[in-house]
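Residues per chain are reported as follows:
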Amino acid sequence: GQKHSIEAVAKNDSATDVRGCSATLEADDGSSDRQRVDIRARASENIRFTWTPRRDGRYTIKVVIECKEDENPKNNSLSRTVEVKQAEEKMKKLK
(Lines give C-alpha, C1' and ligand atoms only; values in the text may rest on other atoms or scores of the structure.)
Protein backbone atom coordinates (compact mmCIF):
# COMPACT_ATOMS: atom_id res chain seq x y z
CA GLY A 1 0.00 0.00 0.00
CA GLN A 2 0.85 3.65 -0.31
CA LYS A 3 1.64 5.85 2.73
CA HIS A 4 -0.94 8.47 3.65
CA SER A 5 -0.58 11.42 5.98
CA ILE A 6 -3.55 11.99 8.29
CA GLU A 7 -3.86 15.09 10.41
CA ALA A 8 -5.98 15.43 13.53
CA VAL A 9 -6.54 18.49 15.68
CA ALA A 10 -6.53 18.06 19.45
CA LYS A 11 -8.09 20.83 21.50
CA ASN A 12 -7.51 21.45 25.19
CA ASP A 13 -10.59 23.17 26.64
CA SER A 14 -9.22 23.26 30.18
CA ALA A 15 -7.30 26.03 31.93
CA THR A 16 -4.34 23.67 32.49
CA ASP A 17 -1.53 22.74 30.09
CA VAL A 18 -1.28 19.00 29.39
CA ARG A 19 2.09 17.41 28.65
CA GLY A 20 3.19 14.03 27.36
CA CYS A 21 -0.19 13.04 25.98
CA SER A 22 -0.36 9.94 23.83
CA ALA A 23 -2.17 10.39 20.51
CA THR A 24 -2.92 7.14 18.68
CA LEU A 25 -4.37 6.55 15.23
CA GLU A 26 -5.92 3.10 14.84
CA ALA A 27 -7.31 1.67 11.61
CA ASP A 28 -9.60 -1.34 11.43
CA ASP A 29 -6.99 -3.11 9.29
CA GLY A 30 -4.91 -3.52 12.47
CA SER A 31 -2.38 -0.77 11.73
CA SER A 32 -1.64 2.11 14.08
CA ASP A 33 0.62 5.11 14.62
CA ARG A 34 1.39 6.90 17.88
CA GLN A 35 2.61 10.43 18.56
CA ARG A 36 3.46 12.31 21.77
CA VAL A 37 1.88 15.73 22.11
CA ASP A 38 1.79 18.66 24.55
CA ILE A 39 -1.26 20.95 24.42
CA ARG A 40 -1.36 24.34 26.09
CA ALA A 41 -4.41 25.47 28.04
CA ARG A 42 -7.31 26.60 25.82
CA ALA A 43 -5.27 25.82 22.68
CA SER A 44 -5.27 23.36 19.78
CA GLU A 45 -2.45 21.25 18.41
CA ASN A 46 -2.18 19.62 14.98
CA ILE A 47 -1.05 15.99 15.10
CA ARG A 48 0.23 14.27 11.97
CA PHE A 49 0.02 10.50 11.60
CA THR A 50 1.27 8.15 8.89
CA TRP A 51 -0.95 5.29 7.73
CA THR A 52 -0.30 2.68 5.06
CA PRO A 53 -3.51 0.79 4.24
CA ARG A 54 -2.97 -2.80 3.18
CA ARG A 55 -5.34 -2.63 0.19
CA ASP A 56 -8.07 -0.57 -1.44
CA GLY A 57 -11.42 -0.44 0.37
CA ARG A 58 -13.40 1.19 3.17
CA TYR A 59 -11.71 1.66 6.53
CA THR A 60 -12.67 3.12 9.86
CA ILE A 61 -9.89 5.15 11.40
CA LYS A 62 -9.98 6.34 15.00
CA VAL A 63 -7.82 8.86 16.83
CA VAL A 64 -7.60 8.65 20.63
CA ILE A 65 -5.82 11.12 22.94
CA GLU A 66 -4.80 10.06 26.44
CA CYS A 67 -3.53 12.65 28.95
CA LYS A 68 -2.91 12.13 32.67
CA GLU A 69 -4.16 15.60 33.59
CA ASP A 70 -7.31 15.39 31.45
CA GLU A 71 -10.43 16.62 33.25
CA ASN A 72 -12.84 15.17 30.65
CA PRO A 73 -11.50 11.97 29.03
CA LYS A 74 -14.93 11.14 27.53
CA ASN A 75 -14.35 13.52 24.59
CA ASN A 76 -10.93 12.17 23.56
CA SER A 77 -11.71 10.09 20.49
CA LEU A 78 -13.04 10.57 17.00
CA SER A 79 -13.72 8.03 14.23
CA ARG A 80 -14.18 8.48 10.50
CA THR A 81 -14.82 6.10 7.61
CA VAL A 82 -12.57 6.61 4.61
CA GLU A 83 -12.40 5.08 1.13
CA VAL A 84 -8.99 4.10 -0.23
CA LYS A 85 -8.66 3.80 -4.00
CA GLN A 86 -5.61 3.20 -6.12
CA ALA A 87 -4.54 6.38 -7.91
CA GLU A 88 -4.97 6.25 -11.67
CA GLU A 89 -1.91 6.86 -13.77
CA LYS A 90 -2.35 10.34 -15.24
CA MET A 91 0.79 10.64 -17.32
CA LYS A 92 1.54 8.72 -20.47
CA LYS A 93 5.00 7.98 -21.75
CA LEU A 94 6.05 10.30 -24.54
CA LYS A 95 7.31 8.62 -27.72
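For the structure, check the block above.
Residues numbered from 1 in each chain as written. Predicted model: local features only at pLDDT ≥ 70, side-chain atom pairs only at ≥ 80, totals over all residues. Heavy atoms only, no water.

Below, the discussion takes up the pairing of strand β2 (residues 18-27). With 7 of 10 residues buried, β2 lies mostly within the body of the structure. Where β2 lies against strand β3 (residues 32-39), 7 bridges are found, and the strand directions are antiparallel. Counterpart to Ala23 in the pairing with β3 is Gln35. Linking two consecutive strands that pair antiparallel, namely β2 and β3, is a turn of 4 residues; a positive phi of about 95 degrees is found at Gly30 within it. Where β2 and strand β5 (residues 57-66) come together, 6 bridges link them in antiparallel fashion. For Thr24, the partnering residue across the bridge sits in β5 and is Val64. (Buried < 20%, exposed > 50% of the residue type's maximum accessible area, 1.4 Å probe, protein only. Helix = DSSP H or I, 4+ residues; strand = E, 2+ residues; numbered from the N terminus. Pairing = 2+ DSSP bridges.)

Two cysteines whose sulfur atoms are joined by a covalent bond form what is called a disulfide. Per the counting criterion, the structure on display carries 1 disulfide. Between Cys21 and Cys67 runs a disulfide, and the two sulfur atoms are separated by 2.1 Å. The sign of the S-S torsion, about 120 degrees, decides the handedness of the disulfide formed by Cys21 and Cys67: right-handed. Within this pair, whereas Cys21 is found in strand β2, its partner Cys67 is found in the loop between β5 and β6 (77-84), the two being separated by 46 residues in sequence. Among the residues examined, Cys21 registers a relative accessible area of 1% and is labelled buried. Judged by relative accessible area, which is 16%, Cys67 ranks as buried. (Disulfide = S-S within 2.5 Å.)

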